[in-house]
Amino acid sequence: MKRKRILVTGGAGFIGSNLIERLLKEGNEVICVDNFYTGKKENIVPFDCHPFFTCIDHNIIEPFYLEVDEIYHLACPASPTHYQKDPINTLKTNVIGTINMLELAKKVNSKLLLASTSEVYGDPEIHPQPESYRGNVNPIGPRACYDEGKRAAEALVFDYHRQYHVNVRVIRIFNTYGPKMNRDDGRVVSNFIVQALQNKELTIYGDGFQTRSFCYIDDLIEGMMRMMNGSDDFIGPVNIGNQSEFTIKELAEIVIKLTASQSKIVYLPLPIDDPVKRNPDISLAKSKLAWEPKIPLVEGLKQTIAYYKI
């Protein structure tokens, strides 16, 4: 079978580096493109000596050309801490960067998968969230650079498909965690684990009864690759996430128990536009991709805690 040449934008990030590891194991040639705004070089160091791995330091806001068979378009800061730091850059990455990747896919006739997000649903009024739900997003709030940026990216992907017949797929990623997640990521799982390992107070924003679902990285990668390798007739969008729902307080208590930490829980005000509930309806992924997550939260947290202890 012919070796595929695959481009991963944002490949030095948490999800991108885990995806690259899987793609290389399956015998593909992989080109990572990252400007290391949030991606970490240490995430891709293990691949440096691999004969079929290349890393290009580049910002996708600027066009570039590569002959590739597939594009996994992941590039964009995904944590509020990072995407709100430079909201204009976040929007440019989502809009201009996505246009550049779609133009490349059009020129070289490659498949493109957009890593979109559950944030397109905003603070949802429907629970759990099916792909048909159009969302409840504040277009002028502090999260809009990411939320509306991803919504615009989805619109671009579908318009390039309709107008230019580009071979595309869209997945909507719900909360994901696991090894290679930055310690300073600013998201709840990494925050809690780092705080617990240092016996510091675990900070909960709000009353702790807001809910999230947490998908382990290996499950996400499996769903992502099934979407890329699936039928051209199914382009999504499709939710990829874990349906098991936990309150943030429950998550904090589990992390404290697993780390045998002496940490206490403290409560701070809820950030503006922070969703109260977030949980995927994955019926479509089950029926179209024969995919559902396999790894329960406690098992995944044990693996993640072990990584942070290194």
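Structure: above.
Overview of the structure.

What counts, and at which threshold
Residues numbered from 1 in each chain as written. Predicted model: local features only at pLDDT ≥ 70, side-chain atom pairs only at ≥ 80, totals over all residues. Heavy atoms only, no water. Buried < 20%, exposed > 50% of the residue type's maximum accessible area, 1.4 Å probe, protein only. Helix = DSSP H or I, 4+ residues; strand = E, 2+ residues; numbered from the N terminus. Contact = heavy atoms within 4.5 Å. 1 Å grid on protein atoms, 1.4 Å probe; cavity = no way out; pocket = protein on both sides within 12 Å on 5 of 7 lines; lining within 4 Å. Points joined across faces, edges and corners; volume = space filled by probe spheres on them. Nonpolar A, V, L, I, M, F, W, Y, C, P; charged D, E, K, R; others polar.

On to helix H6 (residues 188-197), then. Most of H6 sits out of view: 9 of its 10 residues are buried. Of the surrounding secondary structure, the elements contacted by the buried residues of H6 are strand E7 (176-177), strand E8 (202-205), helix H8 (248-259) and helix H10 (297-309). Count one or two residues on from H6 and you reach asparagine 199, which has phi positive near 55°.

Our next topic: the layout of surface pockets. For the second largest pocket, the calculated volume is near 220 Å³. Lining the second largest pocket, in full, are Asn18, Glu21, Arg22, Lys25, Pro46, Phe47, Pro179, Lys180, Asp218, Ile221 and Glu222. Looking at the lining of the second largest pocket, the elements with two or more residues in it are helix H1 (14-25) and helix H7 (217-229). Ranked by residues supplied to the lining of the second largest pocket, first place goes to H1 with 4 residues. When its residues are assigned to classes, the lining of the second largest pocket shows 4 nonpolar, 1 polar and 6 charged.

Time to look at unusual backbone geometry. In the segment running from histidine 127 into proline 128, the intervening peptide bond is cis, with an omega of -10°. Here proline 128 lies in the loop between strand E5 (111-117) and helix H5 (144-164). Cis geometry marks the peptide bond from glycine 236 to proline 237, where omega comes out at 5°. Inspection of the secondary structure assignment puts proline 237 in the loop between H7 and strand E11 (238-240). We note that lysine 180 has phi near 80°; this positive angle belongs to a residue other than glycine. For lysine 180, the location among the structural elements is in the loop between E7 and H6. In this structure, alanine 290 is a non-glycine residue whose phi angle is positive, near 50°.

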